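# A look at the structure
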Amino acid sequence: MAELNVVLVAADRKVWSGAAREVSAPSADGQVGILAGHAPLLAVLRPGEVKVSTAQGTAVEARVTGGFVSVDSNLVTIVVDEISELSGREPALR
């Protein structure tokens, strides 16, 4: 199965990165789901929850206040203003 490379960063630090099967993010126009092979995308994020289904089968979830998401060539970059919670972080992930 094809994978995504995901980077989740806050204004002041890198929060998480790793391989994923799927990403779900709260865009200003509605919830967006991202799978491998997704068309290039740039979207503004509204407050809500970002969910990453990792390649290992676990989930990383973060509550965000806003930001943007960019998708290009199976690279998903999520830049957020603030993260109020992060759950599901695996020690092997950075």
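In every chain, residue numbers begin from 1 and rise along the written sequence. Per-residue local features of the predicted model are confined to residues with pLDDT of at least 70, and side-chain atom pairs are confined, for both listing and counting, to 80 or more; whole-chain, interface and lining totals are unaffected and use all residues. The basis for the side-chain values is all heavy atoms of the structure; hydrogens and waters are excluded.

Note the threshold: UniProt positions are given in the numbering used here, feature names are shortened, and annotations may be inferred rather than shown by experiment.
The chain has the name ATP synthase epsilon chain in an unreviewed UniProt entry, where Isoptericola cucumis is given as its organism. Regarding the chain, the relevant UniProt record gives this comment under Function (unreviewed entry): "Produces ATP from ADP in the presence of a proton gradient across the membrane." Heading Subcellular location (unreviewed entry) of the UniProt record for the chain holds this comment: "Cell membrane".

## Considerations on the overall build of the chain
Going by this rule: Working definition: helices are DSSP H or I runs of at least four residues, strands are E runs of at least two. Numbering for both runs from the N terminus. Between the two quantities, the radius of gyration covers C-alpha atoms and the globule rule is 2.2 Å times the number of residues to the power 0.38. Three exposure classes are used, based on accessible area relative to the maximum for each residue type with a 1.4 Å probe and protein chains only: buried under 20%, partly exposed in between, and exposed over 50%. Every residue pair with non-hydrogen atoms within 4.5 Å of one another is taken to be in contact. In this description, accessible areas are obtained by the Shrake-Rupley approach with a 1.4 Å probe, and a residue is regarded as covered only by the protein chains that are shown.
The helix and strand inventory of the chain stands at zero helices and nine strands. Secondary structure of the chain in N-to-C order comes out as β-β-β-β-β-β-β-β-β. In summary, the chain has a C-alpha radius of gyration of 12 Å against a globular reference of 12 Å for 94 residues, a match within 12%. For the chain, buried positions account for 39% of its 94 residues. For the chain, the proportion of contacts with a sequence separation of at least 24, taken over those separated by at least 6, is 51%. If you sum the accessible surface of the chain, you get close to 5100 Å²; carbon and sulfur atoms cover 50% of it.

## Remarks on the pattern of salt bridges
Note that side chains of opposite charge can pair when their charged atoms are close. For clarity, the threshold we go by: Here, a salt bridge means any side-chain nitrogen of Lys or Arg that lies within 4 Å of a carboxyl oxygen of Asp or Glu.
Inspection of the entire model under this criterion finds two salt bridges. A salt bridge links Arg13 to Asp12, with the shortest nitrogen-to-oxygen separation between them at 3.1 Å. Of the charged contacts, one joins Lys51 and Glu49 as a salt bridge, the two residues approaching to 3.7 Å between their closest N and O atoms.

## Notes on unusual backbone geometry
Most of the time, phi is negative for any residue but glycine, and the peptide bond is trans. Look at Ser73: it is not a glycine, yet its phi comes out positive at around 50°. Assignment of secondary structure puts Ser73 in the loop between strand S7 (67-72) and strand S8 (75-80). Relative accessible area serves as the criterion here: at 66%, Ser73 is assigned to the exposed category. Its identity as a non-glycine residue notwithstanding, Asn74 has a phi of 65°, on the positive side. Along the chain, Asn74 turns up in the loop between S7 and S8.

## Some words on the pairing of strand S1 (residues 4-10)
Going by this rule: The pairing criterion is simple: DSSP has to find at least two bridges between the two strands.
When you tally the buried positions in S1, you get five out of seven residues, the bulk of the element. Examined bridge by bridge, S1 and strand S2 (residues 14-27) share six bridges and lie antiparallel to one another. Its bridge partner being in S2, Val6 is matched across the sheet by Gly18. Counting the residues that bridge the hairpin from S1 to S2 gives three residues.

## Here's the deal with the environment of Leu35
By the element assignment, Leu35 lies in strand S3 (residues 30-35). Exposure remark for Leu35: the relative accessible area of 48% places this residue in the partly exposed category. Considered as a pair, Leu35 and Val76 are 41 residues apart in the sequence and their alpha carbons are 9.7 Å apart. Each residue touching Leu35, except ones within four places of it in the same chain, is listed here: Leu4, Arg21 and Glu22.

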